[in-house]
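Summary of the model geometry
Here's the letter readout for the chains.
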Amino acid sequence: MANGVKAIRGMNDILPDESYLWAHFEQTVQHWLAAYGYRNIRTPIVEQTDLFIRSIGEVTDIVEKEMYTFVDHLNNDSLTLRPEGTASCVRAVIEHNLLYSSPQRLYYAGPMFRHERPQKGRYRQFHQVGVEALGYAGPDIDAELIVMCARLWDLLGISGLRLEISTLGNAESRALHRSRLIKYFEQHRDVLDEDSLRRLHTNPLRILDSKNPVMQGIIGNAPKLMDDLDAESLSHFESLQHILREQGINFEINLRLVRGLDYYNRTVFEWVTDKLGAQGTVCAGGRYDGLIEQVGGKSAPACGFAMGIERLLALMQECGGKIPQPAPHIYIVHQGDLSLDYAWKCAETLRDQGFDVILHCGGGSFKSQMKKADASGARYAMIIGDDEFKAQEVTLKPLREPVEQASVKLDLVAELINNKEPHDQ
Ligand code: ATP
Ligand code: MG
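Residue positions are given per chain, counted from 1 along the sequence in the order it is written. Numbering of ligands from 1 and lettering of chains from A proceed in the order in which they are written. Totals for whole chains, interfaces and linings use all residues, but because this is a predicted model, local features are given only for residues with pLDDT of at least 70 and pairs of side-chain atoms are given and counted only at 80 or more. Side-chain metrics rest on all non-hydrogen atoms present in the structure, leaving aside hydrogens and water.

Overview of the nonpolar core
Here, nonpolar core refers to any group of buried Ala, Val, Leu, Ile, Met, Phe, Trp, Tyr and Cys residues whose side-chain atoms link them within 4.5 Å. Relative accessibility under 20% of the residue-type maximum defines a buried residue, over 50% an exposed one, and the middle range a partly exposed one, all with a 1.4 Å probe and only protein chains included. In terms of nonpolar packing, the biggest core is built from 47 residues, with Trp32, Tyr38, Val131, Trp153, Leu244, Trp271 and Met307 touching the most fellow members. By definition in these notes, contact holds between two residues if any of their heavy atoms fall within 4.5 Å. The contact partners of tryptophan 32, leaving out residues within four places of it in the chain, are Val131, Met148, Cys149, Arg151, Leu152, Leu155, Phe305 and Met307. Within the second largest apolar cluster, 32 residues are counted, among which are Leu134, Leu168, Tyr263 and Val295.

Shown next as structure tokens:
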């Protein structure tokens, strides 16, 4: 396509040979969410830029360099393609007063946009399922969110995920920790790289997240958040661990877990795999008790997580899960003027009976039509020629097993197929 228009780098087409896996994933996820009482919320893909700056935080990777922000030239509004879903969800919950009478268990799914360097598992348009429990103080709901993830991995046939959890404490203990970190890193300014120097006074927690090998020594010796934690957050964290143990969920405490968004407090967690190379985090979340108020609502606690669909699909394949491509039950090949109306009638009648039917279009010899029937993956070819029309019968030829074809009346077809595959209809 030398002069043709191509898709935008990092934004992928999902073609039919792959989209059925997405459909399988989405159906599994929908049943799973219903089983826990979570209800779907759908928000626009574009929001006022300010929403994301206020919620995600000014000095984060997302806001500093990953957002697709543009001016709507018709009214000069600054708009942004959503880089994540929590902010939009919280905005909608406030706007429609959803927390007025009861807390809410909600979920959303769809594309997110971040201007990152495209590579395996990292795209500029990617897809998330996000689950948010708003109005719940936890730690029971924190545990529920984690336990339900574990169930989903089973449903999807995914194994070997590692759960890392931590706590960030409350606002005061974070402020205390922050000032201790700034003081500590001030004393080691000479070792800090450019990024870290820039963050020293704005977001020193992010320095802990640096992968720069030169800095690992001072990062290792930095003040520990655990030492600054408030008693309430500690007991919240301990209760969460207790429930997880009772539920048989293995976890590791990783006190270095720093999330890339500012709104988290107390519980944070990530599900990580070693099977996908560098992009190993498939699901991440935590508590965000201050966010609703920060975005303009009445203060309410909340907790949630988001998972990356592309990474989970890749992991399902790594784990060897085989999801068969859906195929029609019957492919109708037909020839002759007399048979055409009859073939249409057969196709619609079979669809009424619940069968998936492809009616061959475009003519061609029986032989070439049979090739198409085979390639369609259909289990049966139904052959309709003038002879069949005259006898008001159809010829059914099994394509996936060495069984002779048979001519039968149309109303016997359902019985014939269902008898062979009694559990399949
Ligand atoms: P990472 O550390 O990999 O950049 P993140 O902390 O930025 O992830 P979150 O904002 O927590 O990611 O989003 C939750 C999940 O969404 C991630 O765990 C990941 O599975 C997925 N995700 C995030 N960014 C991308 C991306 N650019 N492409 C594909 N999936 C992504
Ligand atoms: Mg990121």
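Quick notes on the layout of surface pockets
As a volume, the second largest pocket reaches approximately 440 Å³. Taken together, 21 residues make up the lining of the second largest pocket; nearest its centre are Arg174, Arg178, Asp262, Tyr263 and Tyr264. Helix and strand assignments follow DSSP, with helices taken as H or I runs no shorter than four residues and strands as E runs no shorter than two, numbered in order from the N terminus. It is helix H6 (residues 171-186) that provides the largest number of residues to the lining of the second largest pocket, a total of four residues. Residues of the lining of the second largest pocket, tallied by class, amount to seven nonpolar, eight polar and six charged. Both site types are read off a 1 Å grid over the protein atoms alone. A 1.4 Å probe that fits but cannot get out defines a cavity, while an open set with protein on both sides within 12 Å along at least five of seven lines defines a pocket; lining residues have an atom within 4 Å of a point. Grid points are joined across faces, edges and corners, and a volume is the space filled by probe spheres set on the points. The residue classification treats Ala, Val, Leu, Ile, Met, Phe, Trp, Tyr, Cys and Pro as nonpolar and Asp, Glu, Lys and Arg as charged. All others, Gly included, are polar.

As for the site of ligand 1
Only heavy atoms are used to decide nearness, and a residue is near a molecule or strand if one of them lies within 4 Å of it. Taken together, 16 residues form the shell around ligand 1, and within it Arg114, Glu116, Arg122, Tyr123 and Arg259 come nearest. Residues adjacent in sequence count toward polar contacts only when both atoms are side-chain atoms; beyond that, a polar contact is any pair of N or O atoms within 3.5 Å, and within protein one must be able to donate a hydrogen and the other to accept it. The side chain of arginine 122 places a nitrogen or oxygen atom 2.9 Å from an oxygen atom of ligand 1. Within the side chain of glutamine 128, a nitrogen or oxygen atom sits 3.0 Å from an oxygen atom of ligand 1. To measure how exposed things are, a 1.4 Å probe is used in the Shrake-Rupley method; for residues, cover is taken only from the protein chains shown. A total of 590 Å² of accessible area belongs to ligand 1 in isolation, and the protein chains cover 86% of it.

Some details on the sheet that holds strand S4 (residues 77-81)
One requirement defines pairing of two strands: DSSP has to find at least two bridges between them. Read across the sheet, three strands follow the order S2-S4-S3 without closing on themselves; strand pairing throughout is antiparallel. Only two strands of the sheet have a single partner each, and these edge strands are strand S2 (46-48) and strand S3 (69-72). Taken over all neighbouring pairs, the strand axes of this sheet differ in orientation by 40° on average, direction set aside. Pairing of S2 with S4, which is carried by three bridges, proceeds in the antiparallel orientation. Paired with glutamate 47 across the bridge in S4 is threonine 80. Along the sheet face, helix H2 (residues 49-56) touches S2, S3 and S4 and points at about 75° away from the line of S2. Note on geometry: axes are C-alpha line fits, over the in-contact stretch for helices, and angles between N-to-C directions span 0 to 180 degrees.

Considering the pattern of salt bridges
Criterion for a salt bridge: a side-chain nitrogen of Lys or Arg within 4 Å of a carboxyl oxygen of Asp or Glu. This structure, assessed with the given rule, holds 20 salt bridges. Between arginine 91 and glutamate 95 there is a salt bridge; the shortest N-O distance is 2.9 Å. One end of the pair is arginine 91 and the other is glutamate 95, both in helix H4 (residues 86-95) and four residues apart, which spans about a single turn. A relative accessible area of 17% means that arginine 91 is categorised as buried. Glutamate 95 sits in the exposed class, given a relative accessible area of 54%.

Things to note about helix H10 (residues 231-246)
What sets the pattern is the α-helix's 3.6 residues per turn: residues three or four places apart point alike. Between its first and last C-alpha atoms H10 spans 23 Å; for 16 residues at 1.5 Å apiece the expected length is 22 Å, and the two agree. When H10 is considered as a whole, its buried residues turn out to be Ser233, His236, Phe237, Leu240, Gln241 and Leu244. Down the axis of H10, the smallest arc covering the buried residues is 135°, so these residues share one side. Of the exposed residues in H10, the ones pointing more than 90 degrees away from its buried face are Ala231, Glu232, Glu238, Arg245 and Glu246. In this fold, the buried residues of H10 make contact with helix H5 (140-156), strand S7 (162-167), helix H9 (225-228), strand S8 (252-253), strand S9 (265-272) and strand S10 (281-287). A positive backbone phi angle near 70° is found at glycine 248, which sits one or two residues after H10. Multiplying 1.5 Å by the helix residue count minus one yields the expected span of that helix. In this context, the arc is that of the directions from the helix axis out to the C-beta atoms.

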